[in-house]
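Examination of the molecular architecture
Given next are the chains, with one letter for each unit.
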Amino acid sequence: MEKLIEYLQFPFVRYAIIVGVLIALCSSLLGVTLVLKRYSFIGDGLSHVAFGAMAIAACANLTNEMVIILPVTILSAILLLKTGNNTKIKGDAAIAMISVGALAFGYLMMNVFSTSSNVSGDVCSTLFGSMSILTLDSEEVTLCVILSVIVVAVFIIFYNRIFDVTFDENFARAVGTKVSKYNLMIAIVIAVIIVLAMNLVGSLLISALVIFPALSSMRLFKSFKSVTLFSAIFSVICSLSGMLISILAGTPVGSTIVAVQVVAFFICFIIGKITGRS
Amino acid sequence: MKRIFTLFLISAMACGVLSGCSDKSTRTTGKENIVDQLAKEAMSETATDKEQTESPTEAVASSENGDELVISDSGDTSDEEYDKVKGTYDKTAYPEVEANDGTGTPEIDLTQMNSTMVYSEVYNMMSDPTEYRAKTVKMKGTCTMTTDENTGDYFFACLIKDATACCSQGIEFQLVGKKPVPEDYPAENSEITVQGVFDTYFDQGYEYCTLRYARLVE
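Residues numbered from 1 in each chain as written. Chains lettered and ligands numbered in written order. Predicted model: local features only at pLDDT ≥ 70, side-chain atom pairs only at ≥ 80, totals over all residues. Heavy atoms only, no water.

1. Observations concerning the overall build of chain A
Helix and strand counts for chain A come out as 13 helices and zero strands. Seen in sequence order, chain A has helices and strands lined up from the N terminus as α-α-α-α-α-α-α-α-α-α-α-α-α. Looking at chain A residue by residue over its 278 residues, the buried ones come to 55%. The contacts of chain A with a sequence gap of at least 6 include a subset with a gap of at least 24, amounting to 75%. Approximately 11700 Å² of chain A is accessible, and the part contributed by carbon and sulfur atoms is 70%. (Helix = DSSP H or I, 4+ residues; strand = E, 2+ residues; numbered from the N terminus. Buried < 20%, exposed > 50% of the residue type's maximum accessible area, 1.4 Å probe, protein only. Contact = heavy atoms within 4.5 Å. Areas by Shrake-Rupley, 256 points an atom, 1.4 Å probe, with all protein chains shown as cover.)

Shown next as structure tokens:
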């Protein structure tokens, strides 16, 4: 405990905890919708797209990489979510195609055109988050807080619409809900969350932040509201625990958070089995 | 509802543009700093490193036109020999740094932290050096050396790696009373613990971090 208190004196540790909790909260809220819409893997796909975009920005020597990363990720999210199953290439195949394509293209770009000689370090840092969450400055924390507040506000304001779109798009369309617009909104929010979450767990582990809270929650609860609420609590507690363990034990942040989520999922699974809810 | 939706779209796009303001690369100079260079060299040079470790008293620095300047292995470097390769970078310390000789209890003791914390703290020291200037720092890591190809100056740094050993961070150090030449410094890739006063200096318009008045600690 003494060690923890000592580490909490460092501003970057406090920043990491604030940002980590906020990202976990945001990703869990949208995670329930994504899992129910059978888009669990979209986080992984979009994060690979973000990785590819980051590689292009790095090779182009852009000082502001977000100028490329965010629009490209948002565009990909729109393409994947908005078109849905109404295309020749179905949802899961489209995600897989974009995911591996962007990952391969990004790595190729970094190897062929990179201005950095430490390609393995750059790739490792981007894919697994490395220590990114512990190297944030106050501006980045402020931005994350603003984006998180927007994401949570959007979720609360449009909760009923998101619920409609999540469960039955055809019914929602029939009762006058502009499904395509709400899908577009969900796509933009997901893209923003993915880009933010890359700092916390890296490209390869983002899916865990999206699916584990939702799946664990579904082991114990049945209604959309209770699943969403428990999912948010689960995600925040796991991320916080993961970060604290990582800081105290000196383990990589991203993988520690995901490991905690896996353990928590199995606990929820067992509780669900015992209580007969699962 | 339509208006709220439009407002959301506008705010999301505005945030997207704003997010660019926080990019890490804006906090660093356009040129690679010395420690970055050292970190990359440490990652890529394996055969060369081994060779230099075996004979640490002989160092070779390439000059701009490709000629080689060889420092003798006499054990102590004369001023004349040193001046052949010495550059002109500004080593002037900030006033608040001069007041600290670096011998007291370290204010930032990186030897007491785990690898995650050390890596993050050193990264933050490099990103925001003004917050750490004039503080006594103690750190443990690998000694690494590089040379400025144009001036022949030697630079030594204490390098630390993250848990997966793919990313490195480090701080240049200048041993008190010793010229930065291989003869007077620890062998490359050797484990060292160094204590000094954190400071920055400018070289050709770029700011670099260093530990001044550094001492090797057992």
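2. Some thoughts on the overall build of chain B
Tallying secondary structure elements over chain B gives six helices and eight strands in all. Scanning chain B from its N terminus toward the C terminus, one meets helices and strands in the order α-α-α-β-β-α-α-β-α-β-β-β-β-β. With 218 residues in all, chain B has 50% of them scored as buried. Intrachain contacts of chain B at a sequence separation of at least 6 include 68% that bridge at least 24 residues. Surface accessibility of chain B: about 10500 Å² in total, with carbon and sulfur atoms responsible for 50%.

3. Some words on the pairing of strand 5 (residues 154-161) of chain B
All names here are of chain B. The element strand 5 is largely enclosed, with a buried count of seven among its eight residues. Of the pairings in the sheet, the one linking strand 5 to strand 6 (residues 168-175) comprises five bridges and is antiparallel in character. Bridge pairing links C158 to I171 in strand 6. (Pairing = 2+ DSSP bridges.)

4. A short note on the side chain of A:S99
On the secondary structure map, A:S99 appears in helix 5 (residues 91-113). If we skip the residues at most four places from it in the chain, A:S99 touches A:D44, A:G45 and A:H48.

5. Topic: the pattern of salt bridges
Residues and elements named next belong to chain A. Under the definition given, this model contains four salt bridges over all chains. Among the ionic pairs, E169 bridges to R173, the shortest N-O distance being 3.9 Å. Placement of both E169 and R173 in helix 9 (residues 169-174) is noted, with a separation of four residues, approximately one turn of the helix. For R173, a relative accessible area of 45% corresponds to the partly exposed category. Taken together, the shared-partner salt bridges in this structure form one network comprising K37, E169 and R173. (Salt bridge = Lys/Arg side-chain N within 4 Å of Asp/Glu carboxyl O.)

6. Let's talk about the packing of aromatic side chains
Counted according to the given criterion, the structure contains 17 aromatic pairs over all chains. Note on A:F230 and A:F234: the rings are 6.3 Å apart at their centroids and 45° apart in plane angle, and the pair reads as tilted. In this pair, A:F230 and A:F234 are both assigned in helix 12 (residues 224-249), four residues apart and thus about one turn of the helix distant. In this structure A:F234 comes out as buried when scored by relative accessible area, which is 6%. Between B:Y132 and B:F198 the ring centres are 6.3 Å apart and the planes differ by 70°, which places this aromatic pair in the edge-to-face class. Of this pair, B:Y132 sits in the loop between helix 6 (115-127) and strand 4 (136-147) while B:F198 sits in strand 7 (residues 191-203); the two residues are 66 residues apart in sequence, bridging distant segments of the chain. (Phe/Tyr/Trp six-rings, centres within 6.5 Å; stacked < 30°, edge-to-face > 60°.)

7. Concerning the packing of helix 11 (residues 206-220) of chain A against helix 13 (residues 253-275) of chain A
Residue and element names in this part refer to chain A. Two elements in contact, helix 11 and helix 13, have axes separated by 8 Å at closest approach and are oriented at 15°. Of the possible angle classes, the one that applies to helix 11 and helix 13 is roughly parallel. Considering only the axes of helix 11 and helix 13, their crossing is left-handed. Of the residues in helix 13, those in contact with A208, L209, F212, P213, L215, S216, R219 and L220 of helix 11 are I257, V258, Q261, V262, F265, C268, F269, I271 and G272. (Axes fitted to C-alpha atoms, helices over the stretch in contact; angles between N-to-C directions. Parallel < 35°, antiparallel > 145°, perpendicular 65-115°, else oblique. Left-handed = near helix turned anticlockwise from the far one by under 90°.)

8. A look at helix 6 of chain B
Residues and elements named next belong to chain B. The terminal C-alpha atoms of helix 6 lie 18 Å apart, and with 13 residues this matches the ideal 18 Å at 1.5 Å per residue to within 8%. Along helix 6, twelve of the 13 residues are buried, which leaves the element largely enclosed by surrounding structure. Within helix 6, the full set of buried residues consists of T116, M117, V118, Y119, S120, E121, V122, Y123, N124, M125, M126 and S127. Its side-chain oxygen placed 3.0 Å from the backbone nitrogen of M117, N114 serves as the N-cap of helix 6. (Expected span 1.5 Å × (residues − 1). Polar contact = N/O pair within 3.5 Å; in protein donor to acceptor, adjacent residues only side chain to side chain.)

9. A word on unusual backbone geometry
All names here are of chain B. The phi dihedral of A134 is positive, around 75°, even though this residue is not glycine. One non-glycine residue, Y213, adopts positive backbone phi at about 50°. Judged by relative accessible area, Y213 falls into the partly exposed class, the value being 26%.

10. Considerations on the nonpolar core
Core analysis: the largest hydrophobic core is formed by 102 residues, its most contacted members being A:L30, A:I42, A:I190, B:M139 and B:F173. Setting aside residues up to four positions removed in sequence, A:I190 forms contacts with A:L30, A:L34, A:I42, A:L46 and A:L81. Core analysis: the second largest hydrophobic core is formed by seven residues, A:F51, A:M109, A:V123 and A:L127 among them. (Core = buried A, V, L, I, M, F, W, Y, C linked by side-chain atoms within 4.5 Å.)

11. A look at the packing of helix 2 (residues 11-36) of chain A against helix 11 of chain A
Residue and element names in this part refer to chain A. Where helix 2 meets helix 11, the axes come as close as 7 Å, and the angle between the chain directions of the two elements is 70°. As the angle between them shows, helix 2 and helix 11 are arranged roughly perpendicular. Relative to helix 11, the crossing made by helix 2 is right-handed. For the pair formed by helix 2 and helix 11, the contact residues are I23, S27, S28, G31, V32, L34, V35 and L36 on the first element and L209, V210, I211, P213, A214, L215 and M218 on the second.

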